[in-house]
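Structural overview
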Amino acid sequence: MTKPCFGIKESKMENLAKLKKLVEDVFLLQTGEFRTDLRRDEVETWDSFGVVSLAVGIQETFGYHLSPAEAVGIKSVADIISLLSAKGIKFDH
Amino acid sequence: MTILLETEVQREIQRLHRAWEDNPTFALVPEKSGVKNEWIEKGLALLPDELKNGHFVLLTSGTTGAPKLIVGQRQRSEKLAAVLHQAQESEPVQETILALPLSYSYAFVNQWLWSHCHQRALKLTPGLSDPAEMRRALQQARNAMLCLVGVQVPLLAAYFKDETFPGIMRVHFAGGRFPQENLPLVRALFPEAAIFNNYGCAEALPRLTLRKAEEADQASDVGRPLPGIELSTNDANELLFRSPYGAVGIVEDDKFNAITSEAWVKSGDLAQPTEQGTWRLLGRANEIFKRHGEKISLATLMTTVTSIWTGHAVFYREQDSSGENGHVLVLAPAPAPGQLQEILLSFRRHHGRAHWPLRIEGVAALPLLPNGKPDVSGAAAMNDKTLLWHQRI
């Protein structure tokens, strides 16, 4: 059985920090590449399967299931924050 | 000899047209191949003089896992484009929409070369990485041919649910398992299209067989050989082919090997003929496998890992949640966070997402076989591994 490496730490993360780790993990960002205004067209790994991976990650991390239309409609990190904020998940940034 | 990068050609397709019409042999390669430019240049330098004009070169991982340069003769490939035009009933087709990388031999011959030889339009798109642009191209299509790989079907379903694209009159699948079970979905999306299962390999440049979707009910049935192509198997059920359109040479392991017209070439699959005269695939002949329609070479990926990581590393195979083939990387000892990030960034730099492992796991030490080599099955079965990173898919 594989055990999560960061389980306890992750539970204490703020939502923005959780989102940062998720986006970095899904798109394999370099240190310093994450920004809240980062756009899809700036990241070559934000491809069609990346969209699917991001949707799964949002479900895992925030418990919100994106519809296909919502997943495809996300064009930036700011869009993710707006979408999740509208569902009651708050971000301080 | 000119090396054309795929992104350059996508920006200016005329470069490819000119390269094809000019005499010198040229190579078309993707930018993220995991293979260094120096290797490609060195390989091209090995071509004999008689292949330095009138030919073209594509890069593939081949059936052994190591990178290969596949050398095609332009006249032979133009003949194949003509054969495909007849076999695929393409005369009414007026344009083809590119949804795959142009350096794939399937897209290169079935789409670019066919459109070039038959004066049809080639519509370049970013593929399903930009669903809105793809939708626009499909909506604007008129009497068009679309070439896909099976793994794109779930994405088409997600992006274009309840939409129809009647301008598509031919849909071709290759490069992986034919989506037999999803044909109703494909037909709903493309109600006017004839649907074809294509089979081939890079060494065939690229087609060997063809069947209409409705001619069989098993995805593994790849149909009959195209006119002029012979298929056979050896005692181990390895599928062999002899094609007047196939590659004339291959550069691998720092050597050029000519392929003569009489040579039987392995396709990389196991297969057997059916009583109906078609061919049924039995599986891959080695550890090279396809994921999301792309040929994955664990040997090439290990080169990427070991260029960064000096510890022990091993891959084991696993299917993801959708049943697609995948692979897991185990590192020993577990790397520091900075080392892990370097490995991940190296995957990003050199390989598309399909090539990334499903997970990266860390262990204190790898189990070893009596001969001292890492025990892959043992690594897969270990129960005290640490999850370092995973693809969410």
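Residues numbered from 1 in each chain as written. Chains lettered and ligands numbered in written order. Predicted model: local features only at pLDDT ≥ 70, side-chain atom pairs only at ≥ 80, totals over all residues.

1. Section: the overall build of chain B
Helix and strand content of chain B: eleven helices and 23 strands. Per-residue burial for chain B yields a buried fraction of 43% across its 393 residues. Within chain B, contacts between residues separated by at least 24 positions form 67% of all contacts whose residues are at least 6 apart in sequence. (Helix = DSSP H or I, 4+ residues; strand = E, 2+ residues; numbered from the N terminus. Buried ≥ 20, exposed ≤ 12 C-beta atoms within 10 Å, placed from the backbone. Contact = placed C-beta atoms within 7 Å.)

2. Here we look at the overall build of chain A
A tally of helices and strands in chain A yields five helices and one strand. The secondary structure elements of chain A, listed N-terminal to C-terminal, are β-α-α-α-α-α. Nonlocal contacts in chain A, meaning residues at least 24 apart in sequence, comprise 55% of its contacts between residues at least 6 apart.

3. As for the environment of Leu46 of chain B
Residue and element names in this part refer to chain B. Mapped onto the elements of the fold, Leu46 is located in the loop between α3 (37–45) and β3 (55–60). Expressed as a C-alpha distance, the spacing of Leu46 and Val251, which sit 205 residues apart in the sequence, is 7.5 Å. Not counting residues up to four positions away in its chain, the partners in contact with Leu46 are Val251 and Phe256.

4. What about the interface of chain B and chain A?
Taken residue by residue, the interface counts 23 residues in chain B and 21 residues in chain A. Only α7 (152–159), α10 (337–350) and β23 (386–390) of chain B provide two or more residues apiece to the side of chain B that touches chain A. Class assignment for the residues of the side of chain B that touches chain A results in twelve nonpolar, five polar and six charged. (Nonpolar A, V, L, I, M, F, W, Y, C, P; charged D, E, K, R; others polar.)

5. Examining helix α5 (residues 105–117) of chain B
Residues and elements named next belong to chain B. For α5, with 13 residues, the first-to-last C-alpha span of 16 Å runs short of the 18 Å given by 1.5 Å per residue. Of all 13 residues in α5, eleven are buried; the element is thus mostly enclosed. Listing the buried residues of α5 in full gives Ser105, Tyr106, Ala107, Phe108, Val109, Asn110, Gln111, Trp112, Leu113, Trp114 and Ser115. Just beyond α5, the residue with positive phi is Gln119, at close to 50°. (Expected span 1.5 Å × (residues − 1).)

6. Quick look at the nonpolar core
Counting residues in hydrophobic clusters, the biggest one holds 78 residues, and the most contacted among them are Leu69, Ile70, Ala99, Ala107, Phe108, Leu146 and Ile168 of chain B. Ranked by residue count, the leading element in this core is α5 of chain B, at seven residues. Apart from the residues within four sequence positions on either side, Ala99 of chain B is in contact with Thr125, Gly127, Leu128, Met134, Leu146, Cys147 and Leu148 of chain B. Within the second largest apolar cluster, 39 residues are counted, among which are Val51 of chain A together with Leu298, Leu301 and Ala379 of chain B. (Core = buried A, V, L, I, M, F, W, Y, C linked by C-beta atoms within 7 Å.)

7. Observations concerning the packing of helix α2 (residues 15–27) of chain A against helix α3 (residues 48–62) of chain A
Residue and element names in this part refer to chain A. Close contact between α2 and α3 brings their axes to 10 Å; oriented N to C, the two are set at 150°. The angle between α2 and α3 places the two elements in the roughly antiparallel class. Crossing hand, α2 versus α3: right-handed. Between α2 and α3, the contacting residues are Lys18, Leu22, Val26 and Phe27 on the first element and Gly50, Ser53, Leu54, Gly57 and Thr61 on the second. Looking at the contact of α2 with α3, its residues break down into four nonpolar, four polar and one charged. (Axes fitted to C-alpha atoms, helices over the stretch in contact; angles between N-to-C directions. Parallel < 35°, antiparallel > 145°, perpendicular 65-115°, else oblique. Left-handed = near helix turned anticlockwise from the far one by under 90°.)

8. Looking at the sheet that holds strand β2 (residues 26–29) of chain B
Residue and element names in this part refer to chain B. Pairing within the open sheet is mixed, and its six strands lie in the order β1-β2-β3-β4-β14-β15. With partners counted over all chains shown, the strands left at the sheet margins are β1 (2–5) and β15 (255–258), one partner each. Ignoring which end each strand starts from, the neighbouring axes of this sheet average 25° apart. Where β2 meets β3, three bridges bridge the pair, whose relative direction is parallel. The partner of Phe26 across the bridge, within β3, is Phe56. (Pairing = 2+ DSSP bridges.)

9. A closer look at the pairing of strand β7 (residues 144–148) of chain B
Residue and element names in this part refer to chain B. Along β7, five of the five residues are buried, which leaves the element largely enclosed by surrounding structure. Alternating positions in β7 separate into two faces, Ala144, Leu146 and Leu148 on one and Met145 and Cys147 on the other, with burial throughout. Judged from the three bridges that link them, strand β5 (residues 95–98) and β7 form a sheet pairing that is parallel. Bridging from a neighbouring strand, Glu95 pairs with Ala144 of β7. Across five bridges, β7 lies against strand β8 (residues 168–173) in parallel orientation. By the bridge assignment for β8, Ala144 is matched with Ile168.

10. Description of the packing of helix α4 (residues 74–87) of chain B against α5 of chain B
Residues and elements named next belong to chain B. The N-to-C vectors of α4 and α5 enclose an angle of 95°; their axes lie 9 Å apart at closest approach. Between α4 and α5, the interaxial angle falls into the category roughly perpendicular. Here α4 contributes Ser77, Glu78, Leu80, Ala81, Ala82, Leu84 and His85 to the contact with α5, which in turn contributes Val109, Asn110, Leu113, Trp114 and Cys117. For the contact of α4 with α5, a count of residues per class yields eight nonpolar, three polar and one charged.

11. Some thoughts on the pairing of β15 of chain B
Regular strands place side chains that alternate from one sheet face to the opposite one. Residue and element names in this part refer to chain B. Across four bridges, the pairing between strand β14 (residues 249–252) and β15 is antiparallel. Bridge pairing in β15 links Val251 to Phe256. Counting the residues that bridge the hairpin from β14 to β15 gives two residues, and of these Asp253 lies at a positive phi of roughly 50°.

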